[in-house]
Each structure stands twice: as C-alpha cells, then as structure tokens.
Amino acid sequence: MNHDPYSWGRPSDETYGQYSDAIAHAPSFPKMNTQQPIVTGTSVISMKYNNGVIIAADHLGSYGSLLRFTDIERLFPVGKNTVVGISGDISDMQHIEALLEELETENNYDNSHADDEESLQPSYVFEYLATVMYQRRSKMNPLWNALIVAGVEDSKPFLKYVNLLGVTYSSPTLATGFGAHLAVPLLRRVVDRESDVEKTDMQTATDTILQAMKVLYYRDARSSRKFSMAIIDNDQGLVFNKELEVENMKWNFAKDIKGYGTQKV
Amino acid sequence: MNGIQVDINHLKKGEVSLGTSIMAVTFDGGVILGADSRTTTGAYIANRVTDKLTRIDDKIWCCRSGSAADTQAVADIVQYHLELYTSQYGTPSIETAAAVFKTLTYENKDALSAGIIVAGYDDKKKKGEVYSIPLGGSVHKQKYAIAGSGSAFIYGYCDKNYRENMNKEETVEFVKHSLSQAIKWDGSSGGVIRLVILTESGVERLIFYPDEYENL
Amino acid sequence: MTSVGTGYDLSNSVFSPDGRNFQVEYAAKAVENGATSVGLLCEDGVVLAVEKLVASKLLVKASPQNKGSGANTKIQTVGRHIGCACSGLVPDGRHLVNRAREESQQFKQLYKRDIPPVALADRMGQYVQAHTLYNSVRPFGVAAIFGGVDPETAEPHLYMLEPSGVYWGYRGAATGKGRQSAKAELEKLISSRDDNSPITTLEAVKELARIIYIAHEDNKEKEFEVEISWCSREHTQGKHTLVQGTMLEEALEYAKSKTSNAQDDSDDSDADSDDAMQD
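What counts and how
Residues numbered from 1 in each chain as written. Chains lettered and ligands numbered in written order. Predicted model: local features only at pLDDT ≥ 70, side-chain atom pairs only at ≥ 80, totals over all residues. Heavy atoms only, no water. Contact = heavy atoms within 4.5 Å. Salt bridge = Lys/Arg side-chain N within 4 Å of Asp/Glu carboxyl O. Helix = DSSP H or I, 4+ residues; strand = E, 2+ residues; numbered from the N terminus. Nonpolar A, V, L, I, M, F, W, Y, C, P; charged D, E, K, R; others polar. Patch = residues over 30% accessible without salt bridge, like charges linked within 9 Å, V, L, I, M, F, W, Y side chains within 5 Å. Areas by Shrake-Rupley, 256 points an atom, 1.4 Å probe, with all protein chains shown as cover. Buried < 20%, exposed > 50% of the residue type's maximum accessible area, 1.4 Å probe, protein only. Phe/Tyr/Trp six-rings, centres within 6.5 Å; stacked < 30°, edge-to-face > 60°. Lys NZ or Arg CZ within 6 Å of the ring centre and 35° of its normal. pLDDT = per-residue confidence, 0-100. Axes fitted to C-alpha atoms, helices over the stretch in contact; angles between N-to-C directions. Parallel < 35°, antiparallel > 145°, perpendicular 65-115°, else oblique. Left-handed = near helix turned anticlockwise from the far one by under 90°. UniProt positions renumbered as here; feature names shortened; annotations may be inferred. Pairing = 2+ DSSP bridges. Buried area = accessible area lost by both parts, 1.4 Å probe. Polar contact = N/O pair within 3.5 Å; in protein donor to acceptor, adjacent residues only side chain to side chain.

## Brief notes about the interface of chain C and chain A
Part 1: Opposite the 16 residues of chain C that make contact, chain A presents twelve residues.
Part 2: Joining chain C to chain A, the criterion identifies two salt bridges.
Part 3: Between Glu101 of chain A and Lys108 of chain C there is a salt bridge; the shortest N-O distance is 2.6 Å.
Part 4: Broken down by element, the residue count for the side of chain C that touches chain A peaks at five residues, all from helix H2 (residues 90-111) of chain C.
Part 5: Its residues placed into classes, the side of chain C that touches chain A shows two nonpolar, nine polar and five charged.

## Considerations on a nonpolar patch on the surface
All names here are of chain A.
Part 1: On the surface, Leu165, Val167 and Tyr169 cluster together into a nonpolar patch covering about 270 Å² of accessible area.
Part 2: By the element assignment, Tyr169 lies in strand S10 (residues 168-170).
Part 3: Among the residues examined, Tyr169 registers a relative accessible area of 38% and is labelled partly exposed.

## Quick notes on the packing of aromatic side chains
Part 1: Overall, the coordinates contain 16 aromatic pairs over all chains when judged by the stated rule.
Part 2: Between Tyr85 of chain B and Tyr111 of chain C the ring centres are 4.7 Å apart and the planes differ by 70°, which places this aromatic pair in the edge-to-face class. Within this pair, whereas Tyr85 of chain B is found in helix H2 (residues 68-89), its partner Tyr111 of chain C is found in helix H2, the two belonging to separate chains. The same class applies to Tyr85 of chain B and to Tyr111 of chain C, which are both buried.
Part 3: Aromatic side chains Tyr213 of chain C and Phe224 of chain C sit 5.1 Å apart centroid to centroid with 70° between the ring planes, which places their arrangement in the edge-to-face category. In this pair, Tyr213 of chain C is assigned in helix H5 (residues 201-215) and Phe224 of chain C in strand S9 (residues 224-232), connecting sequence segments eleven residues apart. Phe224 of chain C carries the same exposure label as Tyr213 of chain C, and that label is buried.
Part 4: Following the ring pairs from residue to residue traces out a cluster consisting of Tyr85 and Tyr89 of chain B together with Phe107 and Tyr111 of chain C.
Part 5: Above the ring of Tyr63 of chain A, the side-chain terminus of Arg68 of chain A is found at 4.8 Å from the ring centroid.

## What about the confidence of the model for chain B?
Part 1: When pLDDT is averaged along chain B, the result is 93, and 94% of the positions lie at 70 or above.
Part 2: Confidence drops under a pLDDT of 50 for residues 1-8 of chain B, and excluding neighbours within four residues, the segment shows seven contacts in the predicted structure.

## A short note on the packing of helix H4 (residues 178-190) of chain A against helix H6 (residues 202-219) of chain A
Residue and element names in this part refer to chain A.
Part 1: Here H4 crosses H6 at 150°, and the two axes come no closer than 9 Å. Looking at the two axes, H4 sits roughly antiparallel to H6. Here the hand of the crossing between H4 and H6 comes out right-handed. Touching Phe178, Gly179, Leu182, Ala183, Leu186, Leu187 and Val190 of H4 are Thr204, Thr208, Ile209, Ala212, Val215, Leu216 and Arg219, all from H6.

## Examining the UniProt feature "domain: Proteasome alpha-type subunits" (unreviewed entry) in chain C
Part 1: Listed under "domain: Proteasome alpha-type subunits" (unreviewed entry) in the UniProt record, and renumbered for this structure, are residues 8-30 of chain C.
Part 2: Secondary structure content for residues 8-30 of chain C is 39% helix and 0% strand, and the end C-alpha separation is 19 Å.

## Description of the sheet that holds strand S4 (residues 82-88) of chain C
Residue and element names in this part refer to chain C.
Part 1: Within the open sheet, the five strands sit side by side as S3-S4-S5-S6-S7. Their pairing is antiparallel. Edge strands, defined here as strands with exactly one partner in the open sheet, are strand S3 (76-78) and strand S7 (167-169). Averaged over all pairs of adjacent strands, the angle between strand axes in this sheet comes to 25°, irrespective of strand direction.
Part 2: Bridge analysis of S4 against strand S5 (residues 142-149) gives seven bridges, and the strand direction is antiparallel.

## Considering the interface of chain A and chain B
Part 1: With 22 residues of chain A at the contact, the number on the chain B side is 19 residues.
Part 2: In total, about 1,600 Å² of surface goes out of reach between chain A and chain B, with carbon and sulfur atoms giving 55% of it.
Part 3: Summed over the three residues of chain A that lose the most area to chain B, namely Tyr16, Arg68 and Phe69 of chain A, the buried surface amounts to 31% of that side.
Part 4: Our enumeration of links across chain A and chain B arrives at two salt bridges.
Part 5: Lys109 of chain B is the partner of Asp92 of chain A in a salt bridge, and the nearest nitrogen-oxygen pair spans 3.6 Å.
Part 6: In this assembly, chain A and chain B are joined by six residue pairs in polar contact (both at pLDDT 80 or more).
Part 7: Those elements that place two or more of their residues in the side of chain A that touches chain B are strand S5 (66-69) and helix H2 (90-108) of chain A.
Part 8: Ranked by the residues each element gives to the side of chain A that touches chain B, the list is headed by H2 of chain A, at five residues.

Written out as structure tokens, the structure is:
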C-alpha cells in the first residue's frame with residue numbers, strides 16, 4: 001500500500017476545499033516540545049577567591065511580572081563541597097533537583113568510600129548536568145535553565161556555567177541572566193582574571209557579592225530583597241546562609257530630584 | 001469549519017475554562033478550600049453553579065483552575081493513583097498527592113492548561129497542608145495559596161489579612177472576604193462561593209450566595 | 001525425592017503430579033548451601049550481618065580499617081534507607097538489588113517519598129514470583145533480607161524474600177547454611193528481652209556478629225569474614241550504613257570472646273573451594 005495520504009484520492013474540492021495537511025492528519029511542522037518558562041527565578045551570581053568560591057541567588061519565583069512565590073531556594077548543595085545555583089524555569093529546576101538527589105543516591109551504591117575519596121566532586125556534578133542540558137536541547141525539549149556549579153576540588157576553586165542550549169564556559173566570575181549584564185562588571189572590578197583570584201580574600205569576595213546583589217535588587221525588576229549565599233571554603237567547607245537581605249541601600253538622594261530636567265520645585 | 005478540518009487549536013480557543021478564583025488556607029484545626037462557581041466559554045457563562053472543589057481522597061481535596069476538561073481529567077487520574085496507593089500502602093500524605101499531580105502536569109505541560117491547588121488534612125501530623133501547582137508543573141508548599149484569574153486582584157488583601165493559626169471561624173471569614181473581592185473585580189469569576197473544610201472530625205461543606213457575600 | 005528424574009523437575013511452569021515446582025525447590029537448595037545472612041529488628045532500627053566465605057586467598061581482605069569490607073562488599077543499599085543481605089547465588093543477589101534500586105527510584109519519582117520497606121518487599125516479591133511461572137527463565141537462587149527504617153513513620157521493618165517469591169515480616173531473620181543455629185540464637189535473643197528492654201541496634205551489632213560466628217561453627221574448615229550494616233533512627237539518621245572502624249572491631253572482639261572455639265579469621269585452612277559462587 002502506498003502510505004502517502006496525498007495519493008489516496010479524496011472527496012471533491014467543491015465540498016471539502018483544497019486538500020491539506022489537516023485532512024491528512026499530518027502536522028505541517030515536526031513535533032515540537034520547546035516550551036516557555038512559567039514560574040521563573042532570576043540571576044545566580046558567583047565568584048572565586050583565594051580559598052574557595054561564593055555563589056548567591058535570591059528567593060523569588062516570578063510568574064510573568066507577578067512576584068508570585070517569595071520563598072524559593074535556588075542554591076542546592078551536592079555532597080560536601082559543591083553547590084549548584086539554578087535560574088530560569090522553576091518546574092525544571094525542581095526536576096534538576098530530583099536528578100541531583102538521584103545522582104547522590106547512586107554514587108553511594110556499592111561504594112564504601114562515597115563520603116571521602118569517591119564523593120561527588122564539582123567537576124563530576126557539572127559534567128553530568130552539562131550532559132543532561134545538551135541531551136535535552138538535542139531532543140528539542142530543553143530544560144529552561146541556566147546553571148552555575150560552584151565548589152572546591154583538589155583544594156582549588158571550581159566555577160562553571162551551562163544553560164538550556166548546552167553551552168558551557170568557565171570564568172573566575174560568573175553570573176546568569178540579568179546578573180551577566182549587571183553583576184559581572186562589578187565582580188570583575190575585583191577579580192578580572194584568574195591571576196586576581198589569589199589576591200582576593202573571602203571578606204573582599206563576600207563584600208563584592210553583597211554589593212552585586214544590591215545592584216541587582218536596584219535594577220532587576222524580577223528580583224527580591226531576600227537571598228541565599230553559599231561559601232564553599234577550602235578550610236571551612238560549606239557555609240550556607242539562607243537568611244540574607246539586601247542592606248544599606250541608598251534612596252535618600254531621591255528627595256533632591258525634582259522634575260526631569262529644568263524643573264526646580 | 002466544514003466537518004473535516006478540525007483543528008485542535010480551534011477547539012482549545014473555544015474551550016470551556018475555569019477563569020477562576022480559588023484558594024486554600026491552613027488554620028489551627030486543618031485547612032479550608034474555597035472557590036467561586038463560574039465556568040465560561042469566552043464571555044458566555046457555561047455553568048454558573050460549578051463545583052471546582054474536587055475530592056481526591058477522603059481528606060485530600062483540590063481546587064481546579066484552567067481548562068475544565070484538562071483539570072477534570074487530571075483530577076480523575078490522580079484519584080485513581082491514590083486509590084491504588086491507599087490499597088497498597090495506606091493513606092497517602094498530601095505531599096504524595098501533590099507529587100502525583102505534579103508528575104502529570106509537568107510531564108504534559110505542552111498539552112495542559114491546569115493550575116491546581118492541592119490541600120488536605122493529615123491525620124498523622126494533625127495539621128492541614130497546602131501545595132500550589134501552577135502552569136509549568138512546579139510544586140510550592142505554602143501556608144495559604146490563591147490561584148486563578150481572580151487571584152490577581154486579591155494578592156494585596158490576602159497578604160495583609162492572613163494570619164497564622166487562625167481559628168475556623170476567622171478562616172471562613174478570611175476566605176469569604178478574599179473570594180468576594182476576587183469575584184467583584186474579575187469578570188471570569190462569579191456565582192456562589194463554595195467552601196470545603198477539612199479537619200480532624202471530617203469534611204464540611206459551606207456555601208455562600210451573592211446576597212450574602214456581595215455586601216460584606 | 002519422589003518424582004525427581006521423572007522430567008517434572010526440568011522446567012518452571014510445569015507442576016509435578018503431586019503439585020510441586022521442582023525448579024523453585026532447587027533454587028531454595030542453592031540458598032541453603034549459601035553463606036549465612038541474618039537480620040534483626042530492633043527498637044530503633046535494623047541490623048544486618050553476613051558471613052563472607054573467603055573463596056580465595058588472593059581476594060582483598062576485609063578489616064575494620066579498610067571500611068569493614070575491603071573491595072568486596074556483600075551487603076547492598078537500596079535508596080538511602082534500606083539494606084539488603086542475600087544468601088545464595090551472588091550474581092542473582094546483585095541482579096535482585098539492581099531491580100530493587102529501580103523500584104525504589106520509580107517509587108520516589110512518583111510519590112516524592114522513600115519507598116517503605118514493605119512496599120519494596122512486595123514489589124520484589126512479585127518480580128521473583130514471576131520467575132517461577134515461565135519455562136524460559138530460571139528462579140532466583142537467593143533469599144534476600146531487606147531491612148530499613150521507613151522515613152515517613154520512623155518505624156523499623158525487616159522482611160525476608162525467598163526464591164518462590166514469598167516474603168514475610170520478621171523480628172529476626174536468618175538464611176543460608178548456618179540458618180538453623182542462627183535462628184536458634186535469634187529466638188533466644190528475642191525471647192530474653194521483653195517490652196521494657198527492647199534490643200537496640202547498638203547491642204544488636206555485637207549480637208549479630210556473635211551469631212554469625214556461631215552459625216559458622218559447622219563450617220569451620222572454611223575461612224570467613226563478617227560484614228555488618230545497620231539503619232538506626234538516632235545513630236545513622238535512618239540511613240543504611242556499613243559498620244566500620246572501632247565499632248566493628250569491638251563487635252568482632254565480642255563475638256570471638258563469646259564463642260567457645262573462637263577461631264581466628266586468619267587460620268590457615270585451604271579456602272579455595274569449588275563453590276565460590278555460593279556465597
């Protein structure tokens with residue numbers, strides 16, 4: 001049998017109109033799974049310092065312009081020395097969270113060294129996530145996120161990025177979304193190149209990240225005041241603060257601004 | 001349309017939808033679910049006495065918003081899953097019910113328009129729980145949740161007036177006032193206000209008519 | 001055995017005239033000859049222990065220092081909260097646990113909670129039973145003891161699954177070659193306690209080490225090692241964990257001191273046995 005519906009013959013054009021894809025029940029375009037993000041999380045920002053890395057993300061889940069959920073944690077510890085920061089679609093983020101939990105469970109299987117020599121390292125977690133992200137985009141069904149994997153491996157800071165396209169890169173300062181535009185320039189004032197990491201201590205890096213979060217709260221209309229910050233330090237291990245707020249904002253100068261040019265009162 | 005060229009997108013456009021006001025609130029003795037009763041196809045009210053509060057398990061209920069067909073289908077499938085679960089492992093937690101809802105809406109996000117609130121009373125933990133599952137299929141545990149087109153108008157009211165550990169009467173008033181405002185400002189919400197109260201002692205239904213709630 | 005050799009023992013899916021499935025019974029025989037496994041339900045969790053017959057002197061040795069098991073761990077984990085100890089054909093046990101892990105993962109994906117031990121036992125029971133129905137497959141040559149703490153209820157559970165697919169909940173379970181003496185010891189242990197002084201996992205670790213030593217006494221010529229694991233609400237936060245280090249050392253010391261003809265692990269028996277698969 002000839003399986004091409006166009007050669008089957010058909011009722012007259014007067015009755016049914018021109019023969020079309022719809023009559024053949026054939027889609028006029030291949031199946032598409034690409035979606036759009038619904039509930040979203042904004043930037044994740046991060047930087048290296050001389051003894052580890054810092055990563056931060058706020059607590060907001062936006063629904064379009066509606067600031068719908070205000071208590072979403074977007075930083076996920078994996079093992080003892082890795083933190084994954086996730087921006088983009090929150091349902092896909094929760095899916096990734098479940099994948100990471102499975103990864104940890106499976107690493108534990110038949111492995112009596114899972115909590116030391118053979119524990120999950122940042123580079124393993126990153127390679128896994130980058131593979132998942134690329135596979136999904138290749139199936140035309142991407143996970144609508146940009147991720148940053150931060151951690152300490154072999155006593156050295158680790159920082160790498162992957163997004164919904166499966167694109168990956170690394171840098172001593174990294175940010176997703178709005179942060180890539182607004183925060184990265186601020187972070188680079190402190191750490192511009194790999195050689196600057198050695199000169200930057202934890203305090204300086206923390207101050208820089210806090211300052212960048214403040215600027216993002218000033219300028220990103222989909223950001224919230226509350227945020228989390230994780231420090232993965234080579235000596236102290238994971239220090240995870242989930243109760244931070246943007247502080248020391250300057251609004252006072254607003255009182256001197258009158259009109260939009262020449263107006264004086 | 002000539003009888004053969006049936007386009008699913010055409011169907012979706014004319015779909016019966018629950019352009020809704022729904023909410024669920026935890027309180028010291030359990031949880032209260034509330035909803036309006038309007039179902040529309042475009043501007044036409046297809047049903048003015050709809051029941052959008054749906055039983056999944058004895059003390060796990062949900063509020064449905066979005067496509068009526070989609071949410072009914074999803075609720076029926078979840079009910080089936082939980083029946084099976086109950087027969088094998090005993091009463092499911094509210095979180096498990098929410099997880100099954102999530103699996104269905106997340107895996108089929110391209111095909112579904114369903115915004116669901118899952119709420120229940122946990123007899124083991126002796127408390128009410130609320131999970132919000134918006135369009136994409138994410139899950140959010142909340143003290144209280146609002147959803148549907150009418151909810152946009154009451155974010156401020158609910159944020160200001162919700163208190164933790166209210167008693168039953170206070171919570172009923174809170175839900176009634178909130179939905180009254182949502183209905184007042186949302187053309188896609190209306191009719192009666194239906195409540196379901198889930199507590200230790202069981203399930204209780206309340207209904208409020210326009211004459212009662214319009215002039216609160 | 002009547003009807004043996006009459007053809008009814010050649011296949012699953014064929015009953016003998018007196019209503020038996022011989023293949024399943026032969027599988028149970030494989031278990032009876034396997035190394036001993038025991039499990040004990042405690043007040044705050046469960047403890048599992050296995051006898052590891054050392055099939056060859058060339059194998060890496062277990063010691064409390066090298067994580068209690070060396071390179072050759074026998075007790076396996078399902079999810080984070082359930083432990084599984086098998087007696088019989090080792091590869092069958094490995095396959096069974098792989099399946100159990102898939103079930104555990106699938107359960108969690110759908111229901112967002114760890115699989116309760118009873119649900120796992122039930123699903124594994126169905127899987128094992130299905131292997132008694134078809135002539136194209138062979139039944140599992142293992143008995144598996146599953147134990148763990150249900151994270152939702154915080155209750156400990158212990159189940160034993162047999163080659164027929166049947167499973168029961170136990171307070172103390174034993175299987176393998178030394179099961180008779182192990183069962184007797186478990187019964188003594190359980191009946192020596194009343195509701196006011198239920199046994200704790202901490203005590204059970206030592207007692208099960210002792211029971212493995214006793215169960216090994218009929219099999220003295222073979223060199224062996226002891227592997228112990230536990231799930232405790234308090235001590236392991238409900239997670240299934242191998243007993244290692246000084247805790248294992250103390251348990252082994254206790255076991256040796258309590259068994260009359262305490263043998264040293266490193267006696268010079270020829271351990272290169274021909275039933276290497278049967279541990």
